[in-house]
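So you can see what is in the structure, the chains are spelled out below.
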Amino acid sequence: QVQLVESGGGLVQAGASLKLSCAASGWTFSNYAMAWFRQAPGKEREFVAGISWSGGSTYYGDSVKGRFTIDRDNVKSTVYLQMNSLKPEDTALYYCACFMGYSGNYYKLKEKGEEYDYWGQGTQVTVSS
């Protein structure tokens, strides 16, 4: 069955880096766009970053631009999120998600969580000040 498993979260100090991974199985990973979202306690889910099926197009939320990088390895069926210069406000549960809609629409739907078809269980990132 379709499965997304995140890993790499942890507790770090402000200014540190972390790299999250999301391993996918159960479908043809290379056919679909992927994204990272996050949700902090008491806050709405937030789009963090998205990447097209080929990796040729990447997108970022305003709060992480210039600090985070999304990448994918279609051979390993894994999507990554490199997070640098972490801030306490980056503290959240981070989820990866798969978009199985028409790829031509991804650029305009990427931030809408309801458009994604599968989600992982999340990995916690905590940044101390």
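Residues numbered from 1 in each chain as written. Predicted model: local features only at pLDDT ≥ 70, side-chain atom pairs only at ≥ 80, totals over all residues. Heavy atoms only, no water.

Asker: Teacher, can you tell me more about the environment of arginine 38 here?
Answerer: Note on placement: arginine 38 falls in strand S4 (residues 33-39). Owing to a relative accessible area of 5%, arginine 38 belongs among the buried residues under this scheme. Residues arginine 38 and valine 48 lie 10 residues apart in sequence; the distance between their C-alpha atoms is 6.7 Å. Not counting residues within four places of it along the chain, the set of residues in contact with arginine 38 comprises Glu44, Arg45, Glu46, Val48, Ser63, Val64, Phe68, Glu89, Asp90, Ala92, Leu93 and Tyr94. Engagement of the side chain of arginine 38 in a polar contact is seen with the side chain of aspartate 90, the distance being 2.9 Å. In terms of polar contacts, arginine 38 uses its side chain to reach the side chain of tyrosine 94, at 2.9 Å. (Helix = DSSP H or I, 4+ residues; strand = E, 2+ residues; numbered from the N terminus. Buried < 20%, exposed > 50% of the residue type's maximum accessible area, 1.4 Å probe, protein only. Contact = heavy atoms within 4.5 Å. Polar contact = N/O pair within 3.5 Å; in protein donor to acceptor, adjacent residues only side chain to side chain.)

Asker: Where do I start with the state of the cysteines in this structure?
Answerer: In protein structure, a disulfide is the covalent linkage between the sulfur atoms of two cysteines. Tallying each qualifying case throughout the model produces one disulfide. The disulfide partner of cysteine 22 is cysteine 96, and the gap between their sulfur atoms is 1.9 Å. Of note, the bridge from cysteine 22 to cysteine 96 carries an S-S torsion of about 45 degrees and is right-handed in sense. With cysteine 22 in strand S3 (residues 18-25) and cysteine 96 in strand S9 (residues 92-99), this residue pair connects regions lying 74 residues apart in the sequence. For cysteine 96, a relative accessible area of 0% translates into the label buried. Of the cysteine sulfurs around cysteine 98, a residue in no disulfide, the closest is that of cysteine 96, at 8.9 Å. (Disulfide = S-S within 2.5 Å.)

Asker: So what exactly am I meant to see when it comes to empty space enclosed by the protein here?
Answerer: With a probe scaled to a water molecule rolled over the atoms, the places where space remains empty come into view. This structure, assessed with the given rule, holds one cavity of 30 Å³ or more. Its boundaries defined by the atoms lining it, the largest cavity holds a volume of some 30 Å³. For the largest cavity, the full set of lining residues is Asn31, Tyr32, Ala33, Trp53, Phe99, Gly101 and Ser103. Looking at the lining of the largest cavity, its residues break down into four nonpolar, three polar and no charged. (1 Å grid on protein atoms, 1.4 Å probe; cavity = no way out; pocket = protein on both sides within 12 Å on 5 of 7 lines; lining within 4 Å. Points joined across faces, edges and corners; volume = space filled by probe spheres on them. Nonpolar A, V, L, I, M, F, W, Y, C, P; charged D, E, K, R; others polar.)

Asker: Would you explain the sheet that holds strand S1 (residues 3-7) in this entry?
Answerer: The strands making up a sheet are joined through hydrogen bonds of the backbone, oriented either antiparallel or parallel. Sheet architecture is open: four strands sit in the order S1-S3-S8-S7, paired in antiparallel fashion. Edge strands, defined here as strands with exactly one partner in the open sheet, are S1 and strand S7 (68-73). On average, each strand axis in the sheet is tilted by 15 degrees relative to the strand beside it, whichever way the strands run. Note that S3 and strand S8 (residues 78-83) share six bridges and pair antiparallel. (Pairing = 2+ DSSP bridges. Axes fitted to C-alpha atoms, helices over the stretch in contact; angles between N-to-C directions.)

Asker: Sorry if this is basic, but what is going on with the packing of aromatic side chains here?
Answerer: For any pair of aromatic rings, the description rests on two quantities: the centre-to-centre distance and the angle between the ring planes. Considering all chains together, one arrives at 11 aromatic pairs under this definition. Their ring planes at 70 degrees and their centres at 5.8 Å tell us that phenylalanine 99 and tyrosine 116 sit as a pair that is edge-to-face. One end of the pair, phenylalanine 99, is in strand S9; the other, tyrosine 116, is in the loop between helix H1 (106-109) and strand S10 (118-119), and 17 residues separate them in sequence. Per residue, the accessibility class of phenylalanine 99 equals that of tyrosine 116, and both read buried. On the basis of an interplanar angle of 80 degrees and a centroid distance of 6.2 Å, the ring pair of tyrosine 106 and tyrosine 116 is categorised as edge-to-face. Taken together, the residues span a long stretch of sequence, with tyrosine 106 in helix H1 and tyrosine 116 in the loop between H1 and S10 at a distance of 10 residues. As far as the burial class goes, tyrosine 106 and tyrosine 116 line up, both buried. (Phe/Tyr/Trp six-rings, centres within 6.5 Å; stacked < 30°, edge-to-face > 60°.)

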